[in-house]
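Residues per chain, in single letters:
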Amino acid sequence: ETGVTQTPRHLVMGMTNKKSLKCEQHLGHNAMYWYKQSAKKPLELMFVYNFKEQTENNSVPSRFSPECPNSSHLFLHLHTLQPEDSALYLCASSQDHSTGNSNQPQHFGDGTRLSIL
Amino acid sequence: DAKTTQPNSMESNEEEPVHLPCNHSTISGTDYIHWYRQLPSQGPEYVIHGLTSNVNNRMASLAIAEDRKSSTLILHRATLRDAAVYYCILRDSRNRDDKIIFGKGTRLHILP
């Protein structure tokens, strides 16, 4: 079971399509994250939001556009993606950054498996 | 964050204890040791973390060397469901963010 839900679980899209990934958490957390997991590579942090404000963009190409309308929801808007963007995209949440406590566990969803044709 | 080194893969028999090692020779005094695992087709899940003393919870135990340059995650009685990639991660308590930098981890195979 997970308190972080990601939809869709699988997505196949062409390079010219526009789609969005959705993440929702019911844990009362105020920080949310997007990670990318490519085959045979470690998880890569993409974006961090804290209290709906983006606090980190880890040099992610502009064809990935995050949106955090409230602390419970996080979106990743996709447009004109490349074949190398095929990967598992994982969302996570944690309590928040305000206390400066970097030991709060992150809770992950099960990801969206994205395939670019 | 300081770097960790883990074996690429390990095997263990079902119903036996498993000891997953992690080396972190450049650990600083403010680094906590965290472990996550990722089961097939799932996102990572938190397992345990500690600073200096050994830690126990319902999932596992964490044994930390006296000099803190290495640690061991202990699964007391492995089941087939424990087959996963296990990540050992250092997180600096001085950091004001909650970033986690994942390495390649150890792929644990459980033999029935």
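The notes below deal with the structure included here.

Let's talk about the packing of aromatic side chains
In this structure the tally under the stated criterion is 9 aromatic pairs over all chains. For the ring pair A:Tyr35 and A:Phe108, a centre distance of 5.3 Å and an interplane angle of 45 degrees mean the geometry is tilted. Of this pair, A:Tyr35 sits in strand S4 (residues 31-37) while A:Phe108 sits in strand S10 (residues 107-108), placing them 73 residues apart in sequence. Accessibility assignment for this pair places A:Tyr35 and A:Phe108 in one class, buried. Each member of the aromatic cluster is reached from another via a ring pair, and the members are A:Tyr33, A:Tyr35, A:Phe108, B:Tyr36, B:Tyr46, B:Tyr87 and B:Phe102.

Quick look at the nonpolar core
Of all hydrophobic cores here, the largest spans 22 residues; its most connected members are A:Trp34, A:Phe64, A:Leu76 and A:Leu78. Of all the secondary-structure elements, those providing two or more residues to this core are strand S2 (10-13), strand S3 (18-25), S4, strand S5 (44-50), strand S7 (64-70), strand S8 (73-79), strand S9 (87-94) and strand S11 (112-116) of chain A. The residues contacting A:Leu76, other than those within four sequence positions of it, are A:Lys19, A:Ser20, A:Leu21, A:Trp34, A:Met46, A:Phe47, A:Phe64, A:Ser65, A:Pro66 and A:Tyr89. Of all hydrophobic cores here, the second largest spans 21 residues; its members include B:Leu20, B:Ile27, B:Trp35 and B:Leu90.

Quick word on the sheet that holds strand S6 (residues 61-64) of chain B
All names here are of chain B. Across the sheet, which stays open at both edges, the 4 strands sit in the order S2-S7-S6-S5 with antiparallel pairing between neighbours. With one partner strand each, in any of the chains shown, strand S2 (18-23) and strand S5 (55-56) form the two edges of the open sheet. Looking at chain direction, S2 and strand S7 (residues 70-75) are connected through 6 bridges and run antiparallel. Of the residues in S7, the one forming a bridge with proline 21 is threonine 72.

Conventions we followed
Residues numbered from 1 in each chain as written. Chains lettered and ligands numbered in written order. Predicted model: local features only at pLDDT ≥ 70, side-chain atom pairs only at ≥ 80, totals over all residues. Heavy atoms only, no water. Phe/Tyr/Trp six-rings, centres within 6.5 Å; stacked < 30°, edge-to-face > 60°. Helix = DSSP H or I, 4+ residues; strand = E, 2+ residues; numbered from the N terminus. Buried < 20%, exposed > 50% of the residue type's maximum accessible area, 1.4 Å probe, protein only. Core = buried A, V, L, I, M, F, W, Y, C linked by side-chain atoms within 4.5 Å. Contact = heavy atoms within 4.5 Å. Pairing = 2+ DSSP bridges.

These values are about where atoms sit, not about what they do.
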